[in-house]
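# Survey of secondary and tertiary structure
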Amino acid sequence: MISTLETSYSSDDAETWSADSSDDNTTQGVVLELAYQVIWNHFCGFFPEEDHPTFNLGSQRAYRKLYSMLAKHKGLFAHFKDEIRKDWDAGTGILTLRLMDTMLHDQCQERFLETLKKEMNHLLTTYPSLRPFRDNLIFGRHARICYKKKQSRVPSFHASPDGQLSYGGKRSFILEVEHGESDESISQKVDGYYWNAPSPEYTLLVINLQDALPATSASQHYHHQGSVSMWSPTVDRNKDYTVRCFIKNRIFRDRDGQAMPGELLIPFELLLPPNERRKIPLDARSATIRFSFESLSELVRQSEEMEQSMEEETNAAEKRPPARKVTMMDEDGSIMWEREGPNLAPRPE
């Protein structure tokens, strides 16, 4: 049984486990078993060292095989489908399990979405005619995107956006916050979002944070370089879609933590599905949300501070001497149990 495999995934083994050689069934089998083991461990409450373990399965056929392996255990299969955020694209053959995000990632995501919401509401003071459109824009978080080909139970594309907006029940805006991804990797993700969608009606915004340079001392703050990209579709009378890149890999913050000159412009209409944009009154067609690069850089700085603060708190807790004695009492003041020192023995019954 694969569930009893002694092999475990480790970030020390490889950044991406690869099975892209269709002639090497042994290699593909090993990668599938490793992916299965990571999913099984997560189901059992254990996390790998890598936050986003990635497996190059090589083909949709291999992903179908992984589905079949997981489906043999009902609870495990449900956990994989409902509890694990994942990215899969049959076009690249790469499966990424988004098991845990960093504090930096979560803080950037939340701060950007919160600022976006405030700026959307602020636009209403200048363009009150946008009120009905704003009221129909609903913020969401990790609602999954899943596309399947006809008569197939296995998705050919799976994505778990970091944030999104919906309008009238249609997904209209997607936010992805990446950490340390290459330009090529981001291009593949963008292609997947638009190539696989039956009707690509959403604007896609990607913020990419490059790994910080190592600090020279424990007290020195580290900085991440940040860049931003954005794409959005239009549709003509023949229902043909054209996806336009508005800004690509534009650096808004350098590795020294300094904001670059410039700004990110998000026309309000791009938050709506293409077919809804023409309904915006003429006096509000120019409504635009502006993020100065300085404000984006500050957003990252605040997120870095939060992450570093958490790391310092964790390190300090590990260095604290253990309590000499701990006493547990019930509501009547009666002693339930006592322990002295770092006693790891089982608690008394």
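Here goes a summary of the coordinates provided. (Residues numbered from 1 in each chain as written. Predicted model: local features only at pLDDT ≥ 70, side-chain atom pairs only at ≥ 80, totals over all residues. Heavy atoms only, no water.)

### Here we look at the overall build of the chain
Our working definition: Helix and strand definitions follow DSSP, with helices as H or I runs of at least four residues and strands as E runs of at least two, each counted in order from the N terminus. In this scheme, a residue with accessible area under 20% of its type's maximum is buried, one over 50% is exposed, and one in between is partly exposed, where area comes from a 1.4 Å probe on protein chains only. The contact criterion used is simple: two residues touch if any of their non-hydrogen atoms lie within 4.5 Å. Residue-level accessible areas treat just the shown protein chains as cover; the underlying method is Shrake-Rupley with a 1.4 Å probe.
Regarding its fold elements, the chain presents eight helices and 16 strands. Residues counted as buried form 41% of the 349 residues belonging to the chain. A separation of at least 24 residues holds for 67% of the contacts in the chain among residues at least 6 apart in sequence. A total accessible area of about 19,300 Å² is found for the chain, and carbon and sulfur atoms account for 48% of it.

### Re helix α3 (residues 74-82)
Heads up, the condition is: Summarising the geometry, the arc corresponds to the directions from the helix axis toward the C-beta atoms.
Within α3 the residues assigned to the buried category are L76, F77, H79 and F80. Buried residues of α3, viewed axially, fall in a sector of 160°; they line one side.

### Notes on the packing of aromatic side chains
Stated formally: Paired rings are identified among Phe, Tyr and Trp, the last through its six-membered ring, by centres lying within 6.5 Å, and are further divided according to the angle between planes into stacked (under 30 degrees), edge-to-face (over 60) and tilted (the rest).
In total, this model carries 11 aromatic pairs according to the counting rule given. With a centroid separation of 5.6 Å and 35° between ring planes, the pair formed by Y194 and Y202 is classed as tilted. With respect to class, Y194 is no different from Y202; both count as buried. Connected via pairs of aromatic rings, a cluster forms that spans Y63, Y67, F77, F80 and W88.

### Digging into the nonpolar core
Under the convention used in this document: Here, nonpolar core means buried Ala, Val, Leu, Ile, Met, Phe, Trp, Tyr and Cys residues that are tied together by side-chain atoms lying within 4.5 Å of each other.
F112, L130, L264, F268 and L271 are the most contacted members of the largest nonpolar core, which has 39 residues in total. Sequence-distant contacts of L264, defined by excluding residues within four places in its chain, comprise F112, L205, V228, I247, I289, R290, F291, F293 and L296. Core analysis: the second largest hydrophobic core is formed by 25 residues, L34, A35, Y36 and V154 among them.

### Let's talk about the pairing of strand β15 (residues 325-329)
Here is the rule: A pair of strands is treated as paired once DSSP finds two or more bridges between them.
Here β15 runs beside strand β16 (residues 335-340); their pairing, made up of five bridges, is antiparallel. Along β16, the bridge assignment pairs M328 with W337. Hairpin connection of β15 to β16: five residues between the antiparallel strands, including G333 at a positive phi of 90°.

### Observations regarding the pattern of salt bridges
Close approach of charged atoms allows side chains of opposite charge to pair. Note the cut-off: For salt bridges, the criterion is a side-chain nitrogen of Lys or Arg within 4 Å of an Asp or Glu carboxyl oxygen.
All told, the structure shown has 15 salt bridges when counted by the stated rule. The residue D162 makes a salt bridge to R98 at a minimum N-O spacing of 2.7 Å. With a gap of 64 residues between them, D162 in the loop between β7 (157-159) and β8 (163-167) and R98 in strand β4 (residues 94-98) connect regions that are remote in the sequence. When sorted by exposure, D162 lands in the same class as R98, which is buried. By sharing partners, the salt bridges in this structure join R85, D87, R98, D101, D162, E176, E178 and K189 into a single network.

### Section: the sheet that holds strand β11 (residues 225-235)
The condition that has to hold: Only the stretch in contact is used when fitting a helix axis, every axis being a line fitted to C-alpha atoms; angles between N-to-C directions are given from 0 to 180 degrees.
Across the sheet, which stays open at both edges, the six strands sit in the order β5-β8-β9-β10-β11-β12 with mixed pairing between neighbours. Every interior strand has two partners, whereas the edge strands, β5 (137-140) and β12 (241-253), have only one. The sheet shows a mean angle of 15° between the axes of neighbouring strands, direction not considered. Bridge count for β8 against strand β9 (residues 170-179) is five bridges, and the pairing is antiparallel. In the strand pairing of β9, G163 is matched with L175. Here helix α4 (residues 103-126) sits on the sheet in contact with β5, β8, β9 and β10 (203-210), set at roughly 140° to β9. Packed on one face of the sheet, helix α6 (residues 183-195) meets β9, β10, β11 and β12 and runs near 160° to β10.

### Digging into the environment of E83
Looking at the secondary structure, you find E83 in the loop between α3 and β3 (85-89). We classify E83 as exposed; its relative accessible area is 53%. Considering only alpha carbons, one finds E83 and L99, 16 residues apart in sequence, at a separation of 9.3 Å. Ignoring sequence-local partners within four residues, the contact set of E83 consists of A78 and R144.

### Observations regarding the side chain of R85
In plain terms, the rule: Polar contact criterion, stated in full: a pair of N or O atoms within 3.5 Å, where within protein one must be able to donate a hydrogen and the other to accept it, and residues adjacent in sequence count only if both atoms are side-chain atoms.
Tracing the backbone shows R85 in strand β3. A relative accessible area of 9% places R85 in the buried class. A polar side-chain atom of R85 sits 2.7 Å from the main-chain carbonyl oxygen of S160.

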